[in-house]
Amino acid sequence: MKEKKLSPYFKSIVDQNRIHVVICNLEHEIIYMNPAAVKRYAKRGGAALVGKSLFECHNPQSVAIIKKVVAWFGESVEHNIVYTYRNEKENKDVYMVALRDEAGTLIGYYEKHEYRDAETGAPCDFG
């Protein structure tokens, strides 16, 4: 499978994100990785992971959770985000987020990482 074509605006938003973003379809295939994700997962194949099953990168317990969450997303258009775990080592909370088309049909998902460290840069420091 080739990388899914994204609108230039959406792609720019995702690609500028410092947090790694891996987007999957409902067959659990990785359809897009932003540059941060390619770098983060370089030891596992980086960009070569696009087109592969997300399940190849997870243990059986994680696969079961992913399947359960995606099934929950499919139950209602109001089921769109769920907290999955806390990673103390990296000081972040992790969520799974549903991706839907204009009609509200579930088309995929991604994992959202929210780091809790305060920003260290100065406001409007362009350097």
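Up top is the structure.
Predicted model only: the values in this text are computed from it and were never measured. (Residues numbered from 1 in each chain as written. Predicted model: local features only at pLDDT ≥ 70, side-chain atom pairs only at ≥ 80, totals over all residues. Heavy atoms only, no water.)

Okay, the pairing of strand E1 (residues 22-25) next. Across the two faces of E1 the burial is the same, with Val22 and Cys24 and Ile23 and Asn25 all buried. The sheet contact formed by E1 and strand E2 (residues 30-33) spans three bridges and is antiparallel. Each residue of the ladder has a partner; that of Val22, found in E2, is Met33. In this antiparallel pair of consecutive strands, E1 and E2, the connection spans four residues, and His28 shows a positive phi of 65°. Sheet analysis places E1 next to strand E5 (residues 106-115), joined by three bridges and oriented antiparallel. By the bridge assignment for E5, Asn25 is matched with Gly108. (Buried < 20%, exposed > 50% of the residue type's maximum accessible area, 1.4 Å probe, protein only. Helix = DSSP H or I, 4+ residues; strand = E, 2+ residues; numbered from the N terminus. Pairing = 2+ DSSP bridges.)

What follows covers the pattern of salt bridges. Under the defined criterion, the tally for this structure stands at eight salt bridges. Across the pair Arg40 and Glu90 runs a salt bridge whose closest N-O atoms are separated by 2.8 Å. Highlighted residues: Arg40 in helix H2 (residues 35-40) and Glu90 in the loop between strand E3 (81-87) and strand E4 (92-100), separated in sequence by 50 residues. Between Arg116 and Glu114 there is a salt bridge, and its shortest N-O distance comes to 3.1 Å. The exposure class of Glu114 is partly exposed, given its relative accessible area of 24%. Via salt bridges that share partners, Arg86, Glu88, Asp93, Lys112, Glu114 and Arg116 belong to a single interconnected network. (Salt bridge = Lys/Arg side-chain N within 4 Å of Asp/Glu carboxyl O.)

Moving on, we come to the layout of surface pockets. In this model, the largest pocket occupies a volume close to 680 Å³. Taken together, 30 residues make up the lining of the largest pocket; nearest its centre are Tyr41, Arg44, His58, Tyr85 and Glu111. When residues of the lining of the largest pocket are traced back to their parent elements, those giving at least two are E1, E2, H2, helix H3 (60-75), E3, E4 and E5. (1 Å grid on protein atoms, 1.4 Å probe; cavity = no way out; pocket = protein on both sides within 12 Å on 5 of 7 lines; lining within 4 Å. Points joined across faces, edges and corners; volume = space filled by probe spheres on them.)

Tracing the backbone through its elements, the reader meets Met96 in strand E4. Separated by 27 residues in the primary sequence, Met96 and Val69 have C-alpha atoms spaced 7.6 Å apart. With sequence-adjacent residues up to four places away left out, Met96 is seen in contact with Ile66, Val69, Val70, Phe73, Asn80, Ile81, Val82, Thr84, Tyr109, Tyr110 and Glu111. (Contact = heavy atoms within 4.5 Å.)

Further remarks concern unusual backbone geometry. Positive phi outside glycine occurs at His28, with the angle close to 65°. Looking at the secondary structure, you find His28 in the loop between E1 and E2. If you check the backbone angles, Asn91 has positive phi at about 55° while not being a glycine. Note that Asn91 resides in the loop between E3 and E4.

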